[in-house]
Amino acid sequence: MSNVVRFGLTPKMKPVSPKRSAVVAALDVGTSKIVCMIAKLQPQAPQDVLRRRSHGVRVLGFAHTAASGMKGGTVIDLAEAEAMVRTAIDIAENAAHVQLESVVVALSGGRLGSERFIANVDLTGGAVTDGEIARVLAAASRHSVRDGRAVLHSLPIGYSLDAASGIREPRGMLGHKFGVDMHMVTADVATVRNLMLTVERSHLNIEAMVASPYMAGLSVLADDEADLGAAVIDLGAGTTTAAVFSQGRFVHADGFALGGHHVTMDLARGLNTRIADAERIKAIYGSVLSGGSDERDMITVPPFGDDEREPPQFVSRAALTRIIKPRVEEILEMVRDRLAASPFAAEPRGRVVLTGGASQLTGIADLASRILKRPVRIGRPLGLSGLPESAKGPAFAVAAGLLVYPQAAHLEHFEPRRTRHLMTGNGGYMARVGRWLRESF
Ligand SMILES: Nc1ncnc2c1ncn2[C@@H]1O[C@H](COP(=O)(O)OP(=O)(O)OP(=O)(O)O)[C@@H](O)[C@H]1O
Ligand SMILES: [Mg+2]
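As recorded by an unreviewed UniProt entry, the protein chain carries the name Cell division protein FtsA and is attributed to Pseudolabrys taiwanensis. Under the heading Subunit (unreviewed entry), UniProt records this for the protein chain: "Self-interacts. Interacts with FtsZ."

K.L.:
Where do I start with the side chain of Ser219 in this structure?
P.N.:
Relative to the assigned elements, Ser219 resides in helix α4 (residues 212-220). Each residue touching Ser219, except ones within four places of it in the same chain, is listed here: Arg53, Arg380, Pro381, Leu382, Ala397, Ala400 and Gly401.

K.L.:
Got a minute to help me understand the UniProt feature "domain: SHS2" (unreviewed entry) in the protein chain in this structure?
P.N.:
Following the UniProt record, one finds the feature "domain: SHS2" (unreviewed entry) at residues 24-220. Each end of residues 24-220 is marked by a C-alpha atom, and these two atoms are 19 Å apart; helix forms 26% of the span and strand 43%.

K.L.:
Just to check I follow, could you spell out the side chain of Ser160 for this structure?
P.N.:
With respect to the helices and strands, the residue Ser160 is situated in strand β8 (residues 149-161). For Ser160, a relative accessible area of 13% gives the class buried. Those residues in contact with Ser160 that lie beyond four places of it in its chain are Asn120, Ser165, Ile167, Lys177, Phe178 and Gly179.

K.L.:
I keep staring at the layout of surface pockets and nothing clicks. Help me out?
P.N.:
Regions of empty space are outlined by a rolling probe, equal in size to a water molecule, passed over the atoms. Quantified by volume, the largest pocket comes out at close to 1,000 Å³. The wall of the largest pocket is formed by 47 residues, among which Ser32, Gly236, Ala237, Gly260 and His261 lie closest to the centre. Examining the composition of the lining of the largest pocket, we find that 5 residues originate from one element, helix α6 (residues 260-271), more than from any other. Residue classes in the lining of the largest pocket are distributed as 17 nonpolar, 24 polar and 6 charged. Inspection of the lining of the largest pocket shows a minimum of three residues originating in each of domain 1 (1-111 + 188-221 + 382-441) and domain 3 (227-378). If you add up the space inside the second largest pocket, you get close to 540 Å³. Taken together, 28 residues make up the lining of the second largest pocket; nearest its centre are Arg52, Leu218, Gly248, Ala408 and Leu411. Residue classes in the lining of the second largest pocket are distributed as 16 nonpolar, 7 polar and 5 charged.

Analysis parameters
- Residues numbered from 1 in each chain as written.
- Chains lettered and ligands numbered in written order.
- Predicted model: local features only at pLDDT ≥ 70, side-chain atom pairs only at ≥ 80, totals over all residues.
- Heavy atoms only, no water.
- UniProt positions renumbered as here; feature names shortened; annotations may be inferred.
- Helix = DSSP H or I, 4+ residues; strand = E, 2+ residues; numbered from the N terminus.
- Contact = heavy atoms within 4.5 Å.
- Buried < 20%, exposed > 50% of the residue type's maximum accessible area, 1.4 Å probe, protein only.
- 1 Å grid on protein atoms, 1.4 Å probe; cavity = no way out; pocket = protein on both sides within 12 Å on 5 of 7 lines; lining within 4 Å.
- Points joined across faces, edges and corners; volume = space filled by probe spheres on them.
- Nonpolar A, V, L, I, M, F, W, Y, C, P; charged D, E, K, R; others polar.
- Domains from an automatic or database assignment.

Here's what the structure looks like:
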């Protein structure tokens, strides 16, 4: 195959050493909001619920601003998006008293998706050595992803020896055919490029660009949940994205461009009111619980125009629910169908954890549980100190996860030197972004 993105278009992060502290910065450029968090990572003893975390995360600076120039997780107005990113960075830098050089960036748009494949080599000496592991991983990195897609993650999730699969630690084991089961997460190149460009124009280097739902999982899942099987669904404004975890590993990602903003637009149309008023009404009264005495519980809806003679309308809360619920059902049914075609289908005991701003809709966990036929809870960032009260909710799960990611970056495998010679479907681009590309090891 020619003209393919190989080995990862996006820069790869140098993992943080388990013995060192580090300062990291997270940038979540969402469809409705931008979050920038700066934190200090400090080595810590293993914790009960979060055994895999080698570091504690202490937030030093935080910024949360409204986004513009974004649609469905994709930049649609570069100048606007850039101005918003700069504002968020400035606020966080001032709060933390640091000057940032680089950030870890989350991506929710670009139709996130997964590719799974197995790469094999013949064992020359009969037993698995470090050299054989390097050889099978090198074979895996020769895998070419679909045209027009960029690689965000490249994770070995298990090894196989002849007919035995799911081997965690193959060193010293015997066999003939040695394989590695790989999970690659990809996104549309154009979406990736333009988000990178937006951040670069704000004079920041990108440490890594990573999938939003994976980050949400890193911040909200207890280790046991990831071990027992879990799907994290991030319900954003313009996107809904999913990450599946199995036996503690991130094994699948998915995403589509529908979210809370579509609910708001339905309300604005249905109530004949402004988008900003629909947004406010949704956040205060929005619910997907039908029934009860809501038919008599009336709320005031401001008129569309600014003509003061135009009287406000009154609608019942039940009527609001009748507008909101079908769209939320549509989104959750899409999630159900996508999960049914994912490795989550093989996790009958797996739970679902909802994150993202739209997970705050009253009654959504019950509705999701009915549609997905799984136990559902709402997830909030775990194990971070110094988070302001306003940032402890599910809408900040992705940004918080970006601060945890440096501890998980060592799980990724990219061939070290080849990243300098990336090819994309758009020759020449890599020359320009070359300065972002750093060797992983
Ligand atoms: N209290 C609430 N009740 C219902 N919906 C809410 C509430 N608060 C926020 N939302 C909705 O959450 C959505 C924003 O979620 P979030 O901040 O996770 O999105 P984003 O990160 O900007 O977008 P995306 O991830 O899709 O790019 C908006 O549609 C907003 O209306
Ligand atoms: Mg988001």
